[in-house]
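Now for the letters of each chain:
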Amino acid sequence: LVVTVSSSQAVFTKDRVELGDRSNFITSSIGGFDKDDGLWDIDETTGTVTIPMTMSGSTFTVPVILNDALKIDMLFDSGAADVSISSDVFLTLVRTGTIEDGDILGEQTYTLADGSTVEETQINLRSIELGGQVLTNVRASVSSNLDAPLLLGQSVMSRFGTITLDYNNEEVIL
C-alpha cells in the first residue's frame, strides 16, 4: 500500500493516491548530517529523496533536524495544521540559542482531533531539515504537555507539494 498526502488536488488509482505536484518544491541541501548515516537516500537520476520511516507504536516517524541543532523523530500527521513540538523540545532549542524572542509569534487556538480546542504558543522554526531538504521559517506550535507527540503537520507537508508514504517499504518519498 502506498499513500501520498499533500495539500492540493488528488488522483486515485488502485494502489496509489497522489495529491499535488512538485511545483512548490524546496531548496535542496545535504547539510548537517552525512547522508550515509541512514537519514535519507537521494536518487541522483530522478532527484527523489527516500527517507526511512520508523514504526513507533501504531504510527510512523521520520528523522528531522530542527534549527540545524536538534535531530529528533517526528510523526507525520496530515491532520495537524502546523508542526507541533513539546515544551521540552522548545526549551532545548532555546538553550541551544536557536530560538530567540523574535521567533515567538504569539498565541493560537488549535482544534484537536477530538474536536476540543487548546491555546498554544506559536513560534517560527528557522529551519526544518527533512531528507536533506531544508525548509526555512516554518510555523510551529509549542504544546504545554511534556508528553505531547512531536507532529510534522501541514506547515511542512504543504511546502513539498507531493509526499508519498510507502508503508510496504517503510519509507517517505519526496
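This text follows the structure it describes.
Treat the numbers as computed from the prediction; the structure is a model and nothing was measured.

Caption draft 1: Quick peek at the packing of aromatic side chains. As enumerated under the stated definition, the model contains 1 aromatic pair in all. Considering the side-chain rings of F60 and Y167, the 5.4 Å spacing of their centres and the 50° angle between planes classify their relative orientation as tilted. One end of the pair, F60, is in strand β7 (residues 59-66); the other, Y167, is in the loop between β14 (163-166) and β15 (171-173), with 107 residues separating them in the sequence.

Caption draft 2: Expanded view of the pattern of salt bridges. Summed over the entire model, instances satisfying the criterion amount to 3 salt bridges. For R139, the salt bridge identified is with D82, shortest N-O distance 2.6 Å. Remark: D82 occurs in the loop between β8 (70-76) and β9 (83-86) and R139 occurs in strand β12 (residues 133-143); sequence separation between them is 57 residues. D82 sits in the buried class, given a relative accessible area of 4%. Within the structure, one salt-bridge network assembled from shared partners comprises E100, D103 and R126.

Caption draft 3: Main features of unusual backbone geometry. One non-glycine residue, N137, lies in the positive phi region at around 50°. Looking at N137, the relative accessible area reads 52%, which means it is exposed.

Caption draft 4: Expanded view of the layout of surface pockets. Approximately 400 Å³ is the volume attributed to the largest pocket. Forming the boundary of the largest pocket are 18 residues, of which A80, S84, T111, L112 and L151 lie nearest the centre. Among the elements of the structure, β10 (104-111), β11 (117-130) and β12 are those that each provide at least two residues to the lining of the largest pocket. Across the lining of the largest pocket, the residue classes break down as 10 nonpolar, 5 polar and 3 charged.

Caption draft 5: Structural view of the environment of S155. Residue placement: S155 occurs in helix α2 (residues 154-160). Taking the C-alpha atoms as reference, S155 lies 6.3 Å from A81; in sequence the two are 74 residues apart.

How each quantity is defined
Residues numbered from 1 in each chain as written. Predicted model: local features only at pLDDT ≥ 70, side-chain atom pairs only at ≥ 80, totals over all residues. Heavy atoms only, no water. Phe/Tyr/Trp six-rings, centres within 6.5 Å; stacked < 30°, edge-to-face > 60°. Helix = DSSP H or I, 4+ residues; strand = E, 2+ residues; numbered from the N terminus. Salt bridge = Lys/Arg side-chain N within 4 Å of Asp/Glu carboxyl O. Buried < 20%, exposed > 50% of the residue type's maximum accessible area, 1.4 Å probe, protein only. 1 Å grid on protein atoms, 1.4 Å probe; cavity = no way out; pocket = protein on both sides within 12 Å on 5 of 7 lines; lining within 4 Å. Points joined across faces, edges and corners; volume = space filled by probe spheres on them. Nonpolar A, V, L, I, M, F, W, Y, C, P; charged D, E, K, R; others polar.

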